Amino acid sequence: MRASPPLLLVAALCTAPAAAQEAPARRTVTLEDALSSARQHQPALLEAWATADAARARARQAEAPLYPQLNVTGGYSRSTANFVARPGAVPRAFTEGQATRSFETYNFFNAGLSGTQLLWDFGQTRGRFDAAKATAEAADGRARVSAQDVDGRVRAAFFQAQAARALVAVGRETLANQERHVAQVQAFVEVGTRPEIDLAQVKTDRANAQLQLIQAENGYDTARAQLLQSMGLEAGLDFDVDGAPLPELPGEDGDTEALVNEAVTARSEFAALDRDRAALESTLRSVRGTYWPQLSATASLSEAGASLTNLAWNVNGGLNLTWPVYQGGLTDAQVAEAEANVRALSARVAALRQQVRLEVEQARLSVRAAKAGIGAAAEAARNARERLKLAEGRYEAGVGNVIELADAQLALTAADAQAVQAQFQLSAARASLLRALGRP
């Protein structure tokens, strides 16, 4: 179903703040905010829903020939009335006379009402309507596929932005530690307990930390820009992402067959292909109906004359039978095409099922690996923090050196970044599993 517009979020992101002395605090965007915005504003999704609406309109067009067709006509003309005899059309005595020649003109009025009703055509029109209706339902299913794809892209972009923000925090913590190291080493150098090369080393490390922080902030800006694009918005980057990681999904550690069966039942791609099959089968019935005649009823009422006050009326009715007995093999070729399309669709369904199995298996394994990686990354971060603490103590006591201190700081930064990535990978893997299973 289409989501209601997240009005507060759109207003917050798309309205430029008034000029002020201080930069306003950044707004907060949660995952639900991002999903709601994308469902309402993502151009790809809007196009998919519009395509589905157009298909429904075509189905109504295909249904129209099943109902009575009424036409009203009217006309007026003024013309000469010179008689021209055509040999064979009138008695010979009239054709041998002189043709009349006069520029005198006369009025002529005519009005009419005519109607036709299809009675029977061996399923040709009904088949075309059923095919168009099923095609519209398939288009609706594909729009839901687009909605699931959009949700998946938003989740991936959101968790990427979350990871980038966490890396900025890591960079700031690293820079703060380096600033503290510079102050500590400078004090030691000033009292002569450490050589000046140690101060040069920690200043270099601080500069590197500043560069890493700049790169992390730029990465966060890029991730937020990508998130905005996935949300379908054109706005500034004056917001921060916030929210908890994706919680554990029911059945994420379950049997692959059970998950695949769930995906086959829930994913809109299969429903769309099922309606495609119904459309092709209806088209086949319609094409086969062209082997047989089409019967329709007609009726009309007309009035005509040289003056509006002196019109003569006529009525007529009848039956029309049309039978295309031979069209150079056209119907045979159309039937062969429809049958081949049905076979091709069966192959597409089989290929989709195999693809879904692969997606489910990959996502399930990614979740399992990411869950294992979080524990290892957390353990590495704890050990790296303890190593830095020991290195700082050894350096302060005069038994360690600046290289040992720098290595410990570098190891902590890498471990913290790895822990951030591990958490991001778990959320991303769960988002992929959600999409593979067709869950909202």
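Residues numbered from 1 in each chain as written. Predicted model: local features only at pLDDT ≥ 70, side-chain atom pairs only at ≥ 80, totals over all residues. Heavy atoms only, no water.

### So, the overall build of the protein chain
And step 1. Along the protein chain, the regular secondary structure elements total 10 helices and six strands.
And step 2. The C-alpha radius of gyration computed for the protein chain amounts to 39 Å, which surpasses the reference 22 Å derived for 440 residues by more than 25%, pointing to a less compact arrangement than a globule.
And step 3. Oriented by its inertia axes, the alpha-carbon framework of the protein chain measures out at about 140 × 60 × 35 Å.
And step 4. Residues counted as buried form 35% of the 440 residues belonging to the protein chain.
And step 5. Carbon together with sulfur atoms contributes 57% to the accessible area of the protein chain, which is approximately 25,200 Å² in total. (Helix = DSSP H or I, 4+ residues; strand = E, 2+ residues; numbered from the N terminus. Rg over C-alpha atoms; globule rule 2.2 N^0.38 Å. Buried < 20%, exposed > 50% of the residue type's maximum accessible area, 1.4 Å probe, protein only. Areas by Shrake-Rupley, 256 points an atom, 1.4 Å probe, with all protein chains shown as cover.)

### Looking at the packing of aromatic side chains
And step 1. Inspection of every chain in the model, using the stated rule, returns six aromatic pairs.
And step 2. Ring geometry for W292 versus W323: centroids 6.4 Å apart, planes at 40°, classification tilted. Taken together, the residues span a long stretch of sequence, with W292 in the loop between α8 (268–289) and β5 (294–307) and W323 in the loop between β6 (310–322) and α9 (330–397) at a distance of 31 residues.
And step 3. Using a relative accessible area of 45% as the deciding quantity, one classes W323 as partly exposed.
And step 4. Three or more aromatic residues joined by ring pairs form one cluster here, namely W120, F122, W292 and W323.
And step 5. Here the guanidinium or amino end of R224 rests over the ring plane of Y220, the centre of that ring lying 4.4 Å away.
And step 6. Residue placement shows R224 over the ring face of F239; its charged tip is 5.9 Å from the ring centre. (Phe/Tyr/Trp six-rings, centres within 6.5 Å; stacked < 30°, edge-to-face > 60°. Lys NZ or Arg CZ within 6 Å of the ring centre and 35° of its normal.)

### Brief notes about helix α10 (residues 402–437)
And step 1. The end-to-end C-alpha distance of α10 is 52 Å, a good match for the 52 Å that 36 residues give at a rise of 1.5 Å each.
And step 2. Two residues or fewer past α10, G438 is found with a positive phi of approximately 75°. (Expected span 1.5 Å × (residues − 1).)

### What to know about helix α7 (residues 256–266)
And step 1. Taken together, the buried positions of α7 are occupied by T256, L259, V260 and A263. All buried residues of α7 fall inside an arc of 100° around its axis, so they share one side.
And step 2. Buried-residue contacts for α7 involve α8, α9 and α10.
And step 3. Backbone nitrogen of E257 and a side-chain oxygen of the N-cap are separated by 3.0 Å at the start of α7; the cap is D255. (Arc of directions from axis to C-beta. Contact = heavy atoms within 4.5 Å. Polar contact = N/O pair within 3.5 Å; in protein donor to acceptor, adjacent residues only side chain to side chain.)

### Describing the nonpolar core
And step 1. Formed by 55 residues in total, the largest nonpolar core has its most connected members in F159, L227, V241 and V360.
And step 2. Take this core: its biggest share by element is 13 residues, from helix α5 (residues 124–191).
And step 3. What V241 contacts, discounting residues up to four positions off in sequence, is V29, F158, A161, Q162, R165, Y220 and L227.
And step 4. Counting residues in each nonpolar core, the second largest holds 16 residues, with F188, L199, V202 and V402 among its members. (Core = buried A, V, L, I, M, F, W, Y, C linked by side-chain atoms within 4.5 Å.)

### Here's the deal with the pattern of salt bridges
And step 1. Within the structure shown, the criterion is met by 28 salt bridges.
And step 2. With a shortest N-O distance of 3.1 Å, R430 and E252 are connected by a salt bridge. Within this pair, whereas R430 is found in helix α10, its partner E252 is found in the loop between β4 (239–241) and α7, the two being separated by 178 residues in sequence.
And step 3. Judged by relative accessible area, which is 2%, E252 ranks as buried.
And step 4. Connected through salt bridges with shared partners, the residues D149, R267, E269, E359 and R435 form a single ionic network. (Salt bridge = Lys/Arg side-chain N within 4 Å of Asp/Glu carboxyl O.)

### Overview of the sheet that holds β5
And step 1. Pairing in this open sheet of four strands is antiparallel, and the strands run β2-β3-β5-β6 from one edge to the other. Looking at the sheet topology across the chains shown, the edges are occupied by β2 (69–80) and β6. Going across the sheet, the axis of each strand differs from the next one's by a mean of 15°, ignoring polarity.
And step 2. Two elements, β5 and β6, share 12 bridges in a ladder whose sense is antiparallel. In the sheet register, Q294 faces β6, and the bridge partner there is T322. (Pairing = 2+ DSSP bridges. Axes fitted to C-alpha atoms, helices over the stretch in contact; angles between N-to-C directions.)

### Here's the deal with the confidence of the model for the protein chain
And step 1. Confidence in the prediction of the protein chain, expressed as mean pLDDT, is 88, and 91% of residues score 70 or more.
And step 2. Per-residue pLDDT, averaged within each element of the protein chain, yields its smallest value for helix α1 (residues 7–14) (40) and its largest for helix α3 (residues 43–63) (95).
And step 3. Overall, residues 1–22 carries pLDDT values under 50, and its contacts beyond four positions in sequence, including any with other chains, amount to 34 contacts. (pLDDT = per-residue confidence, 0-100.)

### Details of the packing of α5 against α10
And step 1. Look at α5 against α10: their axes get within 9 Å of each other, and the N-to-C directions meet at 170°. What the angle tells us is that α5 and α10 run roughly antiparallel. As for the relative orientation of α5 and α10, their crossing is right-handed in sense.
And step 2. The class makeup of the residues in the contact of α5 with α10 is 15 nonpolar, 10 polar and five charged. (Parallel < 35°, antiparallel > 145°, perpendicular 65-115°, else oblique. Left-handed = near helix turned anticlockwise from the far one by under 90°. Nonpolar A, V, L, I, M, F, W, Y, C, P; charged D, E, K, R; others polar.)

### A word on the environment of T193
And step 1. Relative to the assigned elements, T193 resides in the loop between α5 and α6 (196–231).
And step 2. In sequence terms T193 and A417 are 224 residues apart; their C-alpha atoms lie 34 Å from each other.

### Digging into a nonpolar patch on the surface
And step 1. On the surface, a nonpolar cluster with roughly 1,100 Å² of combined accessible area is contributed by L119, W120, F122, Y291, W292, L319, W323, V325 and Y326.
And step 2. Inspection of the secondary structure puts F122 in the loop between β3 (105–120) and α5.
And step 3. Among the residues examined, F122 registers a relative accessible area of 37% and is labelled partly exposed. (Patch = residues over 30% accessible without salt bridge, like charges linked within 9 Å, V, L, I, M, F, W, Y side chains within 5 Å.)

### Remarks on the side chain of D121
And step 1. Structurally, D121 is set in the loop between β3 and α5.
And step 2. Of the side chains with opposite charge, R128 comes closest to the buried, unpaired D121, at an N-O distance of 4.6 Å.
And step 3. A polar contact is formed between the side chain of D121 and the side chain of T125, at a distance of 2.6 Å.
And step 4. The residues touching D121, leaving out its near neighbours within four places in the chain, are G289, P293 and Q294. (Lys, Arg positive; Asp, Glu negative; His and termini not counted.)

### Thoughts on the side chain of T174
And step 1. Assignment of secondary structure puts T174 in helix α5.
And step 2. Beyond its immediate sequence surroundings of up to four residues, T174 is in contact with A209, Q409 and T413.

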